[in-house]
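Given next are the chains, with one letter for each unit.
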2 protein chains.
Amino acid sequence: MLNRFSRPTFLAALLALALTGLVQLQAMAAPADPLPSWNDGHAKQSILDFVAAVTKEDGPDYVKPAERIATIDNDGTLWVEQPVYTQFAFAIDRVKATANQHPEWKTQEPFKSILSGDMKAVAAMGEKGMVEIVAATHSGMSTADFNKEVKEWLAVAKHPRFKVLYTDRVYQPMIELLDYLRANGFKTFIVSGGGVEFMRAFADKTYGIPPEQVIGSSGVTQYQMWDASPVLIKMPKVLFVDDGPGKPEGIDHFIGRRPIFAFGNSDGDKEMLEWTAACEHLCFMGLVHHTDAVREYAYDRNSSVGKLDKALDEATAKGWTVVDMKNDWKTIFPSVKAAQ
Amino acid sequence: MLNRFSRPTFLAALLALALTGLVQLQAMAAPADPLPSWNDGHAKQSILDFVAAVTKEDGPDYVKPAERIATIDNDGTLWVEQPVYTQFAFAIDRVKATANQHPEWKTQEPFKSILSGDMKAVAAMGEKGMVEIVAATHSGMSTADFNKEVKEWLAVAKHPRFKVLYTDRVYQPMIELLDYLRANGFKTFIVSGGGVEFMRAFADKTYGIPPEQVIGSSGVTQYQMWDASPVLIKMPKVLFVDDGPGKPEGIDHFIGRRPIFAFGNSDGDKEMLEWTAACEHLCFMGLVHHTDAVREYAYDRNSSVGKLDKALDEATAKGWTVVDMKNDWKTIFPSVKAAQ
């Protein structure tokens, strides 16, 4: 064997090794920016400082990887929630798609208004109408069939303003943040008021968050045998509402640990942020403030979707990080591939 | 630099490399037994064969690591459940420890019988009495205080027959199985009828299963502010019963994926095993059959704790793996350190 190592080959190999070392040294000297879609400023710096502090092994704020739990809201924090929650757009489309199986809907509200295209009337019915629409379209089928319906819809439905798939209207800076957290040993969870099964249909592919790390509102399911095969049937009965105080309750129920990092964008996230702020370690609380009417939407205290009022006051008073979307985000959306 | 590589040094280095290779080859030829507490036989072989099949990358039964979900019952599957469920022993002790705060218990059943030491009368009250005892001792405090109580109790309470800590009465062969599954890319979950918060107090240290991978029965919690600090208060109201059909419902609710590996020991695990058996991949269903009255306990069809009847028939009919504790397990319990 030794004979085959000629002296020049050996020298060349050493040279190659030395060059690789140099390249690595250079990479260490100027690390790539982990958050390239964030403009330099307080918000970005507060994230970088927090992650550096909790991952510094001999530092006073070090947190073991197993305890690096990050909980992040979905609607308005990871993807667009205007003009209506995506899941509600799905429910409206399901009403239209299945109307022929429900002749009674022609005369029964809120379905009648949906079918006649009177969305103003639907909106006027408020939460009560919305709950009825979601209950009617999210129950009576197996969990497997529902998952299939959501996936098929997400593959073709377009956002009314941007004319792209809903999963293309995720926030690029937040995708980078999720990657950055995971690269630093964090376990990333979605904690959202949205339906858990709806989110699980795309969270893995879109955010890199597996189903077992998605926490959301849910209905009761019932185990049944159909033709000697077990199925889980979605019942028209609420099991758990993961919003407001339901967020810390859901975090405790599903995760059983307190997060050290939480991000939201509305008053529905207030209690999750308070719960996180009471952690024993250094902890991070963040809010996305929608301030960019040109590139996305501008809304806060008076919005019917994603209202941000009390949580904004609390964040200001307590020094939590508030992202000013217009100024803090260089890019808002990922570039959409032509093939899509 | 090159001058420092004398020819003998270079040869010695090559020799060292070659020897290392030999040692590695030898290790490959006789790998350590991953399940040393299991006797050779059908049960052990069925586990080894299953894990080999789903991890063989170019094989027909290969399953990606992210989908290698294993769900395992706790009471009677991972640790002793006789003569009563450990959590019930905890509840009884809590009644005694807090009786001075509840003078009404002196005349009120089932508390009166507990305080007078008449456990036969308590047993005669059946499930109704048990639910009342658990509700009274598992609510009215914060989740943090409850967790502390459980940990303190587990640190001192002894099993009535074996006179060791309850966490020392785990099954060594199952601990090895959990390690073996994780070493092969599985994510191990507990799916138990026991209380989720009770189990989370010891599952991480005892089984290597973190809180977010423990699924169990649970009560409603309520977010409250105490002296400007958020707390979650345990309410005397059941949220979810993770037993029987509740097991596949809980698996779907918490994990959102179907397991490919499930292990239980009683009729309460029947639906979890059926749900697993309906998987799209090769899947594994196992039952621990308690057949060793000398080293542990022998019970099945007529036991009030951990009754195994219908699930045993189904396992036999469908060829699921049934572990005969007496014959399949070389060792039952881990050796308890003298210091404990």
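Residues numbered from 1 in each chain as written. Chains lettered and ligands numbered in written order. Predicted model: local features only at pLDDT ≥ 70, side-chain atom pairs only at ≥ 80, totals over all residues. Heavy atoms only, no water.

Caption draft 1: Highlighting the overall build of chain A. When helices and strands are tallied, chain A shows 14 helices and seven strands. By its C-alpha atoms, chain A is 90 × 55 × 40 Å across when sized along the principal axes. For chain A, the share of sequence-separated contacts (at least 6 apart) that also reach a separation of at least 24 residues comes to 65%. If you sum the accessible surface of chain A, you get close to 16,100 Å²; carbon and sulfur atoms cover 56% of it. (Helix = DSSP H or I, 4+ residues; strand = E, 2+ residues; numbered from the N terminus. Contact = heavy atoms within 4.5 Å. Areas by Shrake-Rupley, 256 points an atom, 1.4 Å probe, with all protein chains shown as cover.)

Caption draft 2: Examining the pairing of strand β4 (residues 229-240) of chain A more closely. Residues and elements named next belong to chain A. Pairing geometry for strand β3 (residues 214-226) and β4, over eight bridges, is antiparallel. When the sheet's bridge partners are listed, Q222 is paired in β4 with I233. Linking β3 back to β4 in an antiparallel pair, the connection comprises two residues, with D227 at a positive phi of about 50 degrees. (Pairing = 2+ DSSP bridges.)

Caption draft 3: Inspection of the sheet that holds strand β2 (residues 187-195) of chain A at higher detail. Across the sheet, seven strands lie side by side as β4-β3-β2-β1-β5-β6-β7 (chain A); this open sheet has mixed pairing. Pairing within the sheet leaves two strands with one partner each, and these edge strands are β4 and β7 (321-324) of chain A. The sheet shows a mean angle of 30 degrees between the axes of neighbouring strands, direction not considered. Bridge analysis of strand β1 (residues 69-72) of chain A against strand β5 (residues 261-264) of chain A gives three bridges, and the strand direction is parallel. The partner of I72 of chain A across the bridge, within β5 of chain A, is F263 of chain A. Along the sheet, helix α11 (residues 246-254) of chain B makes contact with β3 and β4 of chain A, crossing β3 of chain A at roughly 150 degrees. (Axes fitted to C-alpha atoms, helices over the stretch in contact; angles between N-to-C directions.)

Caption draft 4: Spatial organisation of the relation of the copies chain B and chain A. Each copy of the sequence occupies a distinct position, and chain B is placed on chain A by a rotation of 180 degrees and an axial shift of 0.0 Å, giving an RMSD of 0.0 Å. Expressed as an axis order, the relation between the two copies is that of a two-fold axis. Scanning chain B for the C-alpha nearest the rotation axis identifies F254 of chain B, at a separation of 3.4 Å. Comparing contact sets, 100% of the residues at the interface of chain B also lie at the interface in chain A, consistent with an isologous, same-surface contact. (Least-squares fit on C-alpha atoms with pLDDT ≥ 70 in both.)

Caption draft 5: Inspection of the packing of aromatic side chains at higher detail. All told, the structure shown has 42 aromatic pairs over all chains when counted by the stated rule. Look at W38 of chain A and W329 of chain A: their rings are 5.8 Å apart centre to centre, the planes differ by 75 degrees, and that puts the pair in the edge-to-face class. Of the two residues, W38 of chain A sits in the loop between α1 (7-29) and α2 (42-55) while W329 of chain A sits in the segment after α14 (325-328), which places them 291 residues apart along the sequence. Across the pair, exposure class does not vary: W38 of chain A and W329 of chain A are buried alike. The structure contains a cluster of three or more aromatic residues connected by ring pairs, namely W79, F90, F146, W153, Y166, F198, F202 and Y207 of chain A. Looking at R169 of chain A, its charged tip hangs above the ring of F333 of chain A, at a distance of 3.9 Å from the centre. Taking NZ or CZ as reference, R169 of chain B lies 5.0 Å from the ring centre of F162 of chain B, over its face. (Phe/Tyr/Trp six-rings, centres within 6.5 Å; stacked < 30°, edge-to-face > 60°. Buried < 20%, exposed > 50% of the residue type's maximum accessible area, 1.4 Å probe, protein only. Lys NZ or Arg CZ within 6 Å of the ring centre and 35° of its normal.)

Caption draft 6: Inspection of the environment of D267 of chain B at higher detail. Relative to the helices and strands, D267 of chain B resides in the loop between β5 (261-264) and α12 (270-277). Not counting the four nearest positions on each side in its chain, D267 of chain B is found in contact with K307, L308, D309, K310 and A311 of chain B.

Caption draft 7: Structural detail: the side chain of K270 of chain A. With respect to the helices, strands and loops of the structure, K270 of chain A is situated in helix α12 (residues 270-277). If we skip the residues at most four places from it in the chain, K270 of chain A touches K310, A311 and E314 of chain A.

Caption draft 8: Local environment of the sheet that holds strand β6 (residues 284-289) of chain B. Residue and element names in this part refer to chain B. Pairing is mixed in the open sheet, where seven strands are placed in the order β4-β3-β2-β1-β5-β6-β7. The open sheet is flanked by β4 (229-240) and β7 (321-324), the only strands paired with a single partner. On average, each strand axis in the sheet is inclined to that of its neighbour by 30 degrees, with strand direction left out of account.

Caption draft 9: Region of interest: the side chain of D75 of chain B. Residues and elements named next belong to chain B. Tracing the sequence through the fold places D75 in the loop between β1 (69-72) and α3 (86-98). Although D75 is buried, it forms no salt bridge, and the closest oppositely charged side chain is K247 at an N-O distance of 7.8 Å. A polar contact is formed between the side chain of D75 and the side chain of W79, at a distance of 2.8 Å. Dropping the residues within four chain positions of it, D75 is found in contact with E81, Y85, S192, G194 and N265. (Lys, Arg positive; Asp, Glu negative; His and termini not counted. Salt bridge = Lys/Arg side-chain N within 4 Å of Asp/Glu carboxyl O. Polar contact = N/O pair within 3.5 Å; in protein donor to acceptor, adjacent residues only side chain to side chain.)

Caption draft 10: Inspection of the interface of chain B and chain A at higher detail. The partner chain A presents 38 residues to the 38 residues of chain B that form the contact. Summing the contributions of chain B and of chain A, the shared interface buries around 3,400 Å²; its carbon and sulfur component is 62%. In this structure, the connection of chain B to chain A is made through four salt bridges. The residue R257 of chain A makes a salt bridge to E212 of chain B at a minimum N-O spacing of 2.9 Å. Between the two partners, chain B and chain A, sit 18 residue pairs in polar contact (both at pLDDT 80 or more). Broken down by secondary-structure element, the contributors of at least two residues to the side of chain B that touches chain A are α1 (7-29), β2 (187-195), α9 (196-200), β3 (214-226), β4, α11 and α12 of chain B. The residue inventory of the side of chain B that touches chain A, partitioned by class, reads 20 nonpolar, seven polar and 11 charged. (Buried area = accessible area lost by both parts, 1.4 Å probe. Nonpolar A, V, L, I, M, F, W, Y, C, P; charged D, E, K, R; others polar.)

Caption draft 11: Representation of the packing of helix α3 (residues 86-98) of chain A against helix α7 (residues 143-154) of chain A in the model. Residue and element names in this part refer to chain A. Put simply, α3 and α7 touch, their axes get as near as 11 Å, and they point 100 degrees apart. In terms of axis orientation, α3 runs roughly perpendicular to α7. Contact residues: T86, A89, F90, D93 and R94 in α3; F146, E149, V150 and W153 in α7. Among the residues making up the contact of α3 with α7, the classes are represented as five nonpolar, one polar and three charged. (Parallel < 35°, antiparallel > 145°, perpendicular 65-115°, else oblique.)

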